[in-house]
Amino acid sequence: MYLIVAAAAAVVHLGVLWNGFVLDDLSIILANPVVHSLSGVWQAFGTSYFPSNIDVSAYRPLTVATYALDWSIHSRAWFHVVNIVWHVAASMLVALLARRWAGDAAGLVAGLVFAVHPVHVEAVANVVGRNELMAAVFTLLAVYAALERGSVLWSAAAMAAAVLSKENGAVAPGLITLAWILGVRPAPPRRRLATFVASWIVIGAAYLGLRWTVLHGFLRGPGNTAPVFLGLDAFDIRLTATAALGDVARLLLFPLALSADYSPDHRTAVHSLLDGRLAVGVLVLGLWALLLGVAWRRGRKVEAFGLGWIPIAYSPVANLLFPIQILIAERTLYLPSVGLALAVGAMSRGLAGRRLAAVAALVVVLGGARSAFRVPVWRDQHTVALGLIRDAPRSYFTWRYVGWDHLWSGRYDRAIQALRVSSEIFPRDARVYIAAAHAEFALKRPAAAESLLRRADAVCERCVTLYRSEAFFARMRGDSVTADWLTAHERSLRSSTPP
């Protein structure tokens, strides 16, 4: 069973071996000097996730350490091999838990659902999706160690590794507690339970202290709020986040339409209680609560646990507790989808023989085909740009990325056209104006470039890091003149900004 699940997880994603670096890979890996030497394995624990000259709002040192190890192999394909290995491990762990709790058939179906689910392609195919993969593997290990082994030490170690891979590993205590409450496994004696709770408190305090020390605060740097939330009050943010649950349900249950971006105007804010999108989100919540209640009343503990897993795992990125940098991203559904796989697997526990084979084959064929055809979208910067145009043509980010792709290739006039479309859709992202200024300066139109930089400064409170980033990529392209000009502007902006 485990070999079948592992093979499915690997085969449908084999196409990623021909993928390059795209989107955040460029800044987190290519532009990050920490990654470029083996010393980065330990230096990662003293630096932010993004290079410090770009953004210091996230702390994921264990993931960055693995990038430093990969870089030493001097193979772009190796980065993707490692991602596949992490995904295979996560899929096998899902199968293991489902098998222990609901039998062999449940283990096979749950493992296959998770292995080939199309919403996972972004996390596997984009190298920086590894933080999702690693956090999921370590969270699953923390749950396994607590529920199946009763080990405080191993569960705590896995949880620590999870939060050092990505912040959402902090949901492990909630998942473990839910399993005890639902009776998936009996709760430990009071003394052991107190030890578990104490270990969670110690890990949480240690992580927060380390994060504060390294980042000099919990959040710093540009872009700490999703563009769709800019200018919204807390109530409208929650309305918009609730409406987004419709997309979450669609992506988990019917992942036919996929997209690398969900920015304005592909997705826009919700301001009214009468908005139809809000009604869809509320309906999703209602149906989920109904299913959970039915499963609980009928004693279907594993199905109830799977349904409960989804909101707990999704809560750090749901924008309901606090707003984050994105409204929706398919990669963030990686850990929540474990709950779906467990619930579907548990529902299949009575299958055997030909019926089980038919269900397994159907899952592999439908999910595997969609995933395999989605993988080439992440091949390189150009294919991502084309995919964005097809999947999210109304997104300002789409045209920003298309403009950046043209800029990187030296097609400056076309870059300016695409960036102009981006700014017309959403005029509040300074990166659009800085990239357009880059193109104008390369075309030897300094007056137009300076005008664009003034617009960037007007909409950005912390543009210093954005100028550093743009200058870095200009220098990577061999355009040192433009890089020096952007650096000079950054220095003048920094000197004029009060400390």
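Since the structure is predicted, the reported quantities are computational estimates derived from the model, not experimental observations. Counting starts from 1 at the beginning of each chain's written sequence and moves along it residue by residue. At least 70 in pLDDT is required for a residue's local features to be given in this predicted model, at least 80 for side-chain atom pairs to be given and counted, and no such filter applies to totals for whole chains, interfaces and linings, which use all residues. Side-chain metrics in this entry use all non-hydrogen atoms of the structure; hydrogen atoms and water are not considered.

## Brief notes about the overall build of the protein chain
Think of it this way: any DSSP run of H or I at least four residues long counts as a helix, any run of E at least two long counts as a strand, and we number them from the N terminus. Helix and strand counts for the protein chain come out as 24 helices and zero strands. Radius of gyration: over C-alpha atoms. The globule rule applied is 2.2 Å multiplied by the number of residues raised to the 0.38 power. Computed over the C-alpha atoms, the radius of gyration of the protein chain is 23 Å, within 12% of the 23 Å expected from 2.2 N^0.38 for a compact globule of 499 residues. Referenced to the eigenvectors of the C-alpha coordinate spread, the extents of the protein chain come out at roughly 70 × 50 × 45 Å. Per-residue burial over the protein chain gives 57% buried out of 499 residues. Sequence separation of at least 24 residues holds for 74% of the intrachain contacts in the protein chain that already meet a minimum separation of 6. Here the accessible surface of atoms and residues is derived via Shrake-Rupley with a 1.4 Å probe, and residues count as covered only by protein chains that are part of the display. As presented, the protein chain carries roughly 21,100 Å² of accessible surface, and 66% of it is formed by carbon and sulfur atoms. Taking the average location of the 46 positive side-chain charges in the protein chain and that of its 31 negative ones, the two points are 9 Å from each other. Accessible area is worked out with a 1.4 Å probe on protein chains only. A residue is then buried under 20% of its type maximum, exposed over 50%, and partly exposed in between. Contacts between residues were defined by any pair of non-hydrogen atoms, one from each residue, lying within 4.5 Å. Positive charges come from Lys and Arg alone, negative charges from Asp and Glu alone, with His and the N- and C-terminal ends not counted. Each charge is placed at NZ for Lys, CZ for Arg, CG for Asp and CD for Glu.

## Re the packing of helix H13 (residues 245–253) against helix H14 (residues 276–297)
Orientation is described by lines fitted to C-alpha atoms, with helices fitted over the stretch in contact, and by angles between N-to-C directions that extend from 0 to 180 degrees. Orientation of H13 relative to H14, taken along the N-to-C sense of each, is 55°, at an axis distance of 7 Å. It follows from the interaxial angle that H13 and H14 lie oblique. In contact with Leu245, Gly246 and Ala249 of H13, H14 contributes Val280, Gly281, Val284 and Leu285. For classification, angles of less than 35 degrees are called roughly parallel, those exceeding 145 degrees roughly antiparallel, those between 65 and 115 degrees roughly perpendicular, and all remaining angles oblique.

## Details of the environment of valine 294
Take valine 294: it is sitting in helix H14. Sequence separation between valine 294 and leucine 232 is 62 residues, and the spatial gap between their C-alpha atoms is 37 Å.

## Comments concerning helix H15 (residues 301–314)
By this rule the span expected of a helix is its residue count minus one, scaled by 1.5 Å. For H15, spanning 14 residues, the distance from its first C-alpha to its last is 20 Å, which sits close to the expected 20 Å at 1.5 Å a residue. For H15, the tally of buried residues reaches 11 of 14 residues, placing the bulk of the element in the interior. Of all the residues in H15, the buried ones are Val302, Glu303, Ala304, Phe305, Gly306, Leu307, Gly308, Trp309, Ile310, Ala313 and Tyr314. The inward-facing, buried residues of H15 abut helix H5 (76–102), helix H8 (130–147), helix H10 (172–182), H13, H14 and helix H16 (337–347).

## Section: the packing of helix H12 (residues 234–243) against H13
Put simply, H12 and H13 touch, their axes get as near as 4 Å, and they point 20° apart. Here H13 runs roughly parallel to H12, going by the angle between their axes. Residues Ala241, Thr242 and Ala243 of H12 lie in contact with H13, whose contacting residues are Leu245, Gly246 and Asp247. Here the term charged refers only to Asp, Glu, Lys and Arg, the term nonpolar to Ala, Val, Leu, Ile, Met, Phe, Trp, Tyr, Cys and Pro, and the term polar to all other amino acids, Gly among them. Among the residues forming the contact of H12 with H13, the class breakdown is three nonpolar, two polar and one charged.

## A few points about the pattern of salt bridges
Any Lys or Arg side-chain nitrogen located within 4 Å of an Asp or Glu carboxyl oxygen qualifies as a salt bridge. Taken as a whole, this structure holds 23 salt bridges when the rule is applied. Glutamate 148 serves as the salt-bridge partner of arginine 185, at 3.0 Å between the closest nitrogen and oxygen. Within this pair, whereas arginine 185 is found in the loop between H10 and helix H11 (190–215), its partner glutamate 148 is found in the loop between H8 and helix H9 (152–165), the two being separated by 37 residues in sequence. As a salt-bridge pair, arginine 411 and aspartate 405 come within 3.7 Å of each other at their nearest N and O atoms. Here aspartate 405 falls in the buried class, since its relative accessible area comes to 5%. Each of Arg60, Glu167 and Arg211 takes part in one network of salt bridges that share partners.

## Examining unusual backbone geometry
Each neighbour pair has its own omega, and for proline 264 with aspartate 265 the value is 0°, a cis peptide bond. Tracing the sequence through the fold places aspartate 265 in the loop between H13 and H14. Of note in this structure, lysine 444 is not a glycine but carries a positive phi near 65°. Its location among the elements puts lysine 444 in the loop between helix H21 (430–442) and helix H22 (446–459).

## Details of the environment of phenylalanine 45
With respect to the secondary-structure elements, phenylalanine 45 resides in the loop between helix H3 (40–43) and helix H4 (61–71). In the structure, phenylalanine 45 is positioned 168 residues away from threonine 213 in sequence and 11 Å away in space, judged by C-alpha atoms. If we skip the residues at most four places from it in the chain, phenylalanine 45 touches Tyr59, Pro61, Leu62, Ala65, Leu164 and Val214.

## As for H16
Among the 11 residues of H16, nine are classified as buried, and the element is accordingly described as predominantly covered. If you check which residues of H16 are buried, you get Ser337, Val338, Gly339, Leu340, Ala341, Leu342, Ala343, Gly345 and Ala346. Tucked inside the fold, the buried residues of H16 contact H5, helix H6 (104–116), H8, H13 and H15.

## Observations concerning the environment of arginine 494
Turning to its location among the elements, arginine 494 is positioned in helix H24 (residues 480–496). In this structure the C-alpha to C-alpha distance between arginine 494 and cysteine 463, which are 31 residues apart in sequence, comes to 9.1 Å.

## Side note on the nonpolar core
One finds Trp101, Phe305, Trp309, Leu342 and Trp378 to be the most contacted residues of the largest nonpolar core, which totals 123 residues. Counting residues per element, this core draws most heavily on H5, at 13 residues. Once residues within four sequence positions are removed from consideration, tryptophan 101 is found in contact with Val143, Leu147, Glu148, Val184, Arg185, Val302, Phe305 and Leu342. In terms of nonpolar packing, the next biggest core, distinct from the first, is built from 23 residues, Val228, Leu232, Leu251 and Leu340 among them. Here, the term nonpolar core denotes a set of buried Ala, Val, Leu, Ile, Met, Phe, Trp, Tyr and Cys residues that are joined through side-chain atoms within 4.5 Å.

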